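Listed below are the residues making up each chain.
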Amino acid sequence: MNDIILQAVHIDKSFREQPGIPILSDINVDIQKGEYVSLMGRSGCGKSTLLYILSTMDTDYKGELYIDNELMTGQKSNHLAEVRNEKIGFVFQFHYLLNEFTVLKNVMLPALKMARLPLLDIETKAMEWLNMLGIHQLAPKYPNQLSGGEKQRVAIARALINSPCIILADEPTGNLDKKNSDLIFDIFQQLSDNFGQTLLIVTHDPGFANRTKRIIQMEDGRIV
Ligand SMILES: Nc1ncnc2c1ncn2[C@@H]1O[C@H](COP(=O)(O)OP(=O)(O)OP(=O)(O)O)[C@@H](O)[C@H]1O
């Protein structure tokens, strides 16, 4: 056992529609527990494709992926779904909140799916994260009543509810103005500094990447 939370070993990927055209070539990545890492590179270099594989959602690749020292490659889809729900927190450019549920219920959902804690404890935990992110007053509202920045903070609370080993974020501020982007970056910084949260963030923003502790730079499907 070691402190590596996420490990990609010799990952290659090409899309079935374009066999023989490599999108990712010999990708090797180690993310240690508590690391705060950004993944940068020009548009089309393969960042989202890689993140999708690291998140276990894309299983069509060559090489090996380990999450929390467990080999994910070749595992059945229902086991991968369990690992994702328990160990990975996702934050995307678009928040994917469910409009028919309140903010509180949206944040609680991943924990309700796991069904490991009593309802009241899940609610308390959800409120704690909403509080920490400065949006506890939004708990009874519905996503379509919120601003873009507020929705993204709710999405971060939802990503945190199961105390994931790692947060994976794909352009989490891509849809936000500067003020809200700064706020989201401050939150990631706090999660890293105060909670030791492991984070891997795909970003175009060099200013943000420079605030992370390590930058992984990609070019044409390779890490450079
Ligand atoms: N389903 C697909 N079939 C074929 N090619 C694809 C598919 N999805 C993505 N690609 C190609 O794979 C390459 C990498 O795409 P990807 O979305 O990973 O890049 P990216 O670095 O995340 O770009 P951006 O910063 O613009 O989001 C691109 O050339 C893209 O056109």
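Residues numbered from 1 in each chain as written. Predicted model: local features only at pLDDT ≥ 70, side-chain atom pairs only at ≥ 80, totals over all residues. Heavy atoms only, no water.

Student: Please give an account of the UniProt feature "domain: ABC transporter" (unreviewed entry) in the protein chain that cites residues and values.
Tutor: The sites that carry the UniProt feature "domain: ABC transporter" (unreviewed entry) are, in the present numbering, residues 6–224. Helix makes up 37% of residues 6–224 and strand 24%, with an end-to-end C-alpha separation of 19 Å. (UniProt positions renumbered as here; feature names shortened; annotations may be inferred. Helix = DSSP H or I, 4+ residues; strand = E, 2+ residues; numbered from the N terminus.)

Student: Go over the sheet that holds strand E6 (residues 88–91) with me, naming the residues and quoting the values.
Tutor: Backbone-to-backbone hydrogen bonds pair the strands of a sheet. The strands run either parallel or antiparallel. Pairing is mixed across the open sheet formed by six strands, whose spatial order is E6-E7-E8-E3-E9-E10. Two strands in the sheet have a free side with no partner beyond their single neighbour: E6 and strand E10 (222–223). Seen against the sheet, helix H1 (residues 47–54) touches strand E3 (36–40), E6, strand E7 (166–170), strand E8 (198–202) and strand E9 (214–219) and runs at an angle of roughly 150 degrees to E7. The strands touched by helix H2 (residues 77–87) within the sheet are E6 and E7, with E6 carrying the most contacts at an inclination of about 75 degrees. (Pairing = 2+ DSSP bridges. Contact = heavy atoms within 4.5 Å. Axes fitted to C-alpha atoms, helices over the stretch in contact; angles between N-to-C directions.)

Student: Provide a residue-level description of the sheet that holds strand E1 (residues 4–13), including the pertinent values.
Tutor: Strand order in the open sheet made by the four strands is E2-E1-E4-E5, with antiparallel pairing throughout. For this open sheet the edge positions go to strand E2 (24–32) and strand E5 (70–71), each flanked by a neighbour on one side alone. Where strand E4 (residues 62–67) and E5 come together, two bridges link them in antiparallel fashion. When the bridges of E5 are listed, Tyr 66 appears paired with Leu 71.

Student: Explain the site of the ligand to me, using residue names and the numbers behind them.
Tutor: The environment of the ligand is formed by 13 residues, the closest being Ser 43, Gly 44, Lys 47, Ser 48 and Thr 49. The side chain of Ser 43 places a nitrogen or oxygen atom 2.5 Å from an oxygen atom of the ligand. Compared with its free state, where it exposes 640 Å², the ligand has 61% of that area covered by protein. Broken down by class, the residue content of the shell around the ligand amounts to three nonpolar, seven polar and three charged. (Near = heavy atom within 4 Å. Polar contact = N/O pair within 3.5 Å; in protein donor to acceptor, adjacent residues only side chain to side chain. Areas by Shrake-Rupley, 256 points an atom, 1.4 Å probe, with all protein chains shown as cover. Nonpolar A, V, L, I, M, F, W, Y, C, P; charged D, E, K, R; others polar.)

Student: An account of the nonpolar core is needed here, citing residue identities and associated values.
Tutor: Ranked by internal contacts, the top residues of the largest apolar core, which has 34 residues, are Val 107, Leu 130, Val 154, Ile 156, Phe 188, Leu 191 and Ile 201. Only helix H3 (103–114), helix H4 (119–132), helix H5 (148–160), E7, helix H6 (178–195) and E8 provide two or more residues apiece to this core. Among all residues touching Phe 188, those that are not within four sequence positions of it are Tyr 36, Ile 156, Ala 169, Pro 172, Leu 199, Ile 201 and Phe 208. Val 29, Leu 65, Ile 67 and Met 218 belong to the second-largest nonpolar core, a separate cluster that totals 30 residues. (Core = buried A, V, L, I, M, F, W, Y, C linked by side-chain atoms within 4.5 Å. Buried < 20%, exposed > 50% of the residue type's maximum accessible area, 1.4 Å probe, protein only.)

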